[in-house]
Amino acid sequence: MTKMSFLLAGVGGQGTILASDVLAAVGLQMGYDVKKSEVHGMAQRGGSVTSNVRWDAKVYSPLIGPGEADVFLALEKLEALRHIEMLRPGGLVLVNDYVISPLSVSSGNDDYPDDERIRSVLSSVTPNSFFVAGVTLAESLGNARAVRGNVVLLGALSHFIADIPVETWLQAVRERVPTKFADLNERAFRLGRASMQERKSDWASHA
Amino acid sequence: MVRRFLSGNEAVAWGAWESGVRVAAAYPGTPSTEILETLAPMPNVYAEWCPNEKVALDVAVGAAYAGSRAMAVMKHVGLNVAADSFFYASMTGMQAGLVIVNADDPFMHSSQNEQDNRRYCKFARVPCLEPSDSQEARDLVGVALELSEQFDTPVMLRLTTRLSHSSAVVELLGTRPPERVQAPAYHLDTTKYVMVPGNARRRHPVIEERIAKLAEYAETFRFNRMELKDTALGIVTNGVAYQYAREVFPEASILRLGMTYPVPQKLLREFAAKVERLVVIEELDPFLEEEIRLLGIPVEGKVSAAAGGRGKSIFPICGELDQQIVRESAIKAELLPASARVPVVRPEKGALPPRPPILCPGCPHRGVFYVTNKLKLVVNGDIGCYTLGFLPPLGAPHTCGCMGASIGVAHGVAKAGIVERNVAVLGDSTFFHTGMPALLNVAWNRGNTVTIILDNRTTAMTGHQENPGTGHTLQGAETVQVELEALARALGIQRVHTVDSYNLKQVEAALQDCLNANEPSVVIARRECALMPEARKSWMPLRVDEERCNGCGLCFRVGCPAVVKSDVLDAKTGKPKARLDALLCTGCEICAQVCARKAILTRAQLTEAEEA
């Protein structure tokens, strides 16, 4: 693996920034030059948010263009659909199996796309798309507000990047969550990683 | 040497601390806010939020007059507010270094307009430095202060959103120059610091000479960097655009300007002579391009009709650049072959429900707009979270221009003879920022504008900064808590109501009273932002009584993300009943007050049911 670009997308308040901070820290730990980019301010307050993390021997642009993301972590299903063209054809997309209804949907003016449509759109870009039960797994640990899907998703991702030691990931996670929730988050990470155990993908060989 | 992974904003704070900035002042504004937030907890530095950017710049100027290195920080439109001070500061110069950190917002991620503040530098004869990454953001603060002292001028450090909010590894010293034992000497020089016409006429030639000397200095400035490679194409670039240029054109020759005003004329001529085709890649205005063209050098980039240009641009004048935009523009202009294109699959997705930023669940502004809608009022809005109410279903405010505009606009509408009642709506921090003179104007000029101050006890939009009403300073000191009621009265308003934003009846009664009176009035709608730590402690999700709900849909009109349609249809109406999302609902009870059938159980009802 010589370089890697990660796109993260979700809804303001879901922990997109925490997840991208972890990815940046892991990249630095592995000896890469790293850049990370996100937008604050108006992007919060329940709106769509994206974050970019790039690892390379030398990173120039902090941004990822369409078709340039090797990995796409979608923390919400509609956001996966919204940004899928950012993924390199054949890249890896992990989707948190979780719905946050936009106002136009909850007020009945728009329809939320069904799973079948989401899966079919994603698979037209890559054979390597996987749904992760991020929130369900996090909730199984008993504290839905302390552990969120973001860490589960990172655990799932770690399964697909085999050459990074799991300890490197866990250290980056533990350093970025409140101390009292560090163990809980480690368990969430491991649940996410284990949930992908049977999944095989050749996505990295094309990177 | 310490290595840290820092955003551009954090790097600027470190640069300020390491180069001995003693006084820093700002008004929060995306994308610049984190600079002072990062600096404030550092030792031996004084940092404050000011009511607005003009005050912040004056504070920094005063500190620099008094011999201490100083920094003022603002977003691009903040410099519009501080422009008066920017110009006199250029005229007077100062005793110690003054850096004005200005963050432009290409693409208007969080702003009302795009503007290229390099124009201000040329306008006021102030040098402009532009970093291309976090390391340079840190380094150029110190350089700016040295230049400021060497040339007796304020210096602008210009950032953009992308630079402010992207992170990279930065090497830091981790130390700060030793503190002075004695206070710095304070030299009063009225010929320099009193800008009456006689003195000002003597100063103007001085600053014209100064900018000429700076242009000479720019020729060897080490952050103006020539990277000579293939000479078929030469690119002049600046800021974060350099990164896109390097990524898209790894083999081209590049002249990266770290000082974009004044430009190094000889260096530009030298570079232009070495390359076959010269283009400029810069965001927003064709500023460098115009400077190059003024030298008589043929150059391509973008065409500005505003500057009398004709023909086609290679790169867009609007919005932000990225490598994709640079690459596609270059392919179109035959700077690159079509084979340079990155393969992209753009699947047919159909229309997707949009997800714009919205008022949060429990936001105290929501109920106020519900009432203004009920009373069919035209709402002149302002800059803050409440602007987000403009989308359906609330659909208010109806105008929003810039900080403090609401009151003056509403007053002007009334003076134009419009009979529909207009109200002005602005937040507490925005009222302190520029709302106060406008309210004074309404009182003085016998207006009848109703001004609603949404007092959520914080500066919410930018992430909960202190303001003059909160009783705390940026560095956490307890201080006077300015009372909005007394302030409104002091500004000449006699009819002042204070209501709880969560109490719709109270809000409506107060507004009705103001509308019935033909005089200027103020309604202070007070309730702490629902995201404040104290407010979070009292969150309590409400519940819909499914038996009572008949799916009438009234509660959906408050536009709360926690109020959603349930899967259960009402047997009679066939419409979906309402449901409250327990993870989102804070228990503000706005929807419960709106419900005609009392189907949404209040906190009291739920507590009672639990106890029973």
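Thresholds, definitions, all that
- Residues numbered from 1 in each chain as written.
- Chains lettered and ligands numbered in written order.
- Predicted model: local features only at pLDDT ≥ 70, side-chain atom pairs only at ≥ 80, totals over all residues.
- Helix = DSSP H or I, 4+ residues; strand = E, 2+ residues; numbered from the N terminus.
- Rg over C-alpha atoms; globule rule 2.2 N^0.38 Å.
- Buried ≥ 20, exposed ≤ 12 C-beta atoms within 10 Å, placed from the backbone.
- Contact = placed C-beta atoms within 7 Å.
- Core = buried A, V, L, I, M, F, W, Y, C linked by C-beta atoms within 7 Å.
- Pairing = 2+ DSSP bridges.
- Axes fitted to C-alpha atoms, helices over the stretch in contact; angles between N-to-C directions.
- Parallel < 35°, antiparallel > 145°, perpendicular 65-115°, else oblique.
- Left-handed = near helix turned anticlockwise from the far one by under 90°.
- Nonpolar A, V, L, I, M, F, W, Y, C, P; charged D, E, K, R; others polar.
- Domains from an automatic or database assignment.

Student: Please clarify how the overall build of chain A should be interpreted in this entry.
Tutor: For chain A, the helix and strand inventory stands at eight helices and six strands. Helices and strands appear in chain A in the N-to-C order β-α-β-β-β-α-β-α-α-β-α-α-α-α. In terms of C-alpha radius of gyration, chain A reaches 16 Å, essentially the compact-globule figure of 17 Å for 207 residues. Structurally, chain A occupies a C-alpha span of about 50 × 40 × 40 Å along its principal axes. The burial tally for chain A puts 58% of its 207 residues in the buried class. Counting contacts in chain A only where the partners sit at least 6 residues apart, residues at least 24 apart contribute 68% of the total.

Student: Just to check I follow, could you spell out the overall build of chain B for this structure?
Tutor: A tally of helices and strands in chain B yields 22 helices and 22 strands. Taken over the C-alpha trace, chain B has a radius of gyration of 28 Å; the compact-globule value for 612 residues is 25 Å, and the two agree within 12%. Projected onto the principal axes, the alpha-carbon positions of chain B cover approximately 85 × 65 × 55 Å. Of all 612 residues assigned to chain B, the portion counted as buried reaches 53%. When contacts within chain B are restricted to residue pairs at least 6 apart in sequence, those whose partners lie at least 24 apart make up 72%.

Student: Quick question: what am I supposed to make of the nonpolar core here?
Tutor: Residue and element names in this part refer to chain B. Ranked by internal contacts, the top residues of the largest apolar core, which has 105 residues, are A24, A26, A56 and A60. By residue number, the principal contributor to this core is helix α3 (residues 53-65), which donates nine residues. Here A26 is in contact with L36, W49, C50, A56, A72, V73 and M74, once residues within four sequence places are set aside. Judged by nonpolar contacts, the second largest core, of 78 residues, contains I358, I453, L491 and I524.

Student: Just checking my understanding: could you explain the interface of chain B and chain A for this structure?
Tutor: How large an interface is tends to be reported as the accessible area lost when its parts come together. Tallying the contact residues gives 44 residues for chain B and 46 residues for chain A. Listed by contribution, the elements that provide at least two residues to the side of chain B that touches chain A are α8 (161-164), β8 (166-172), α11 (241-248), α14 (323-332) and β20 (563-569) of chain B. Pairing between strand β2 (residues 33-38) of chain A and β8 of chain B: two bridges, direction antiparallel. Residue S37 of chain A lies in a different strand from β8 of chain B, and its bridge partner there is S166 of chain B.

Student: Just checking my understanding: could you explain the packing of α11 of chain B against α14 of chain B for this structure?
Tutor: All names here are of chain B. Running from N to C, α11 and α14 cross one another at 55 degrees; their axes reach a closest spacing of 9 Å. By the angle between their directions, the pair α11 and α14 is classed as oblique. Considering how the two elements wind past one another, α11 and α14 form a crossing that is right-handed. Of the residues in α14, those in contact with Y244, A245, E247 and V248 of α11 are Q323, V326, R327 and A330. In the contact of α11 with α14, the residues fall into five nonpolar, one polar and two charged.

Student: I would appreciate a short explanation of the pairing of strand β3 (residues 48-56) of chain A in the present structure.
Tutor: Regular strands show a simple pattern: their side chains alternate between the two faces of the sheet. Residue and element names in this part refer to chain A. Counting buried positions along β3 yields eight of nine residues, so the element is predominantly enclosed. Pairing geometry for strand β1 (residues 4-11) and β3, over eight bridges, is antiparallel. Of the residues in β3, the one forming a bridge with V11 is S48. Pairing geometry for β2 and β3, over six bridges, is antiparallel. Paired with S37 across the strands is N52, a residue of β3.

Student: Looking at this structure, how should I read unusual backbone geometry?
Tutor: Of all residues except glycine, most have a negative phi; of all peptide bonds, most are trans. Residue and element names in this part refer to chain B. With an omega dihedral of -5 degrees, the bond running from Y261 to P262 counts as a cis peptide bond. Looking at where P262 falls in the secondary structure, it is placed in the loop between β12 (259-261) and α12 (265-274). A396 connects to P397 through a cis peptide bond whose omega is 5 degrees. For P397, the position within the fold is in the loop between β14 (378-380) and α16 (405-415).

Student: Where do I start with the sheet that holds β8 of chain B in this structure?
Tutor: Sheets are built from strands paired through backbone hydrogen bonds, the pairs being either parallel or antiparallel. Spatial ordering of the open sheet is given by β6(A)-β5(A)-β4(A)-β1(A)-β3(A)-β2(A)-β8(B)-β1(B), a layout of eight strands whose pairing is mixed. Of all strands in the sheet, those with a lone pairing partner are β6 (129-132) of chain A together with β1 (2-7) of chain B, marking the two edges. Across the sheet, the mean angle separating the axes of adjacent strands is 20 degrees when strand polarity is ignored. Contacts from helix α6 (residues 149-160) of chain A reach β4 (69-74), β5 (87-96) and β6 of chain A within the one sheet, and its direction differs from that of β5 of chain A by about 135 degrees.

Student: What should I look at first to understand the domain arrangement of chain B in this one?
Tutor: All names here are of chain B. Partitioning chain B into structural domains gives domain 1 (2-218), domain 2 (225-340), domain 3 (365-535) and domain 4 (539-611). Taking the mean C-alpha position of each, domain 3 and domain 4 sit 29 Å from one another. Broken down by element, the residue count for the side of domain 3 that touches domain 4 peaks at three residues, all from helix α15 (residues 365-374). Class assignment of the residues belonging to the side of domain 3 that touches domain 4 gives a composition of six nonpolar, one polar and one charged.

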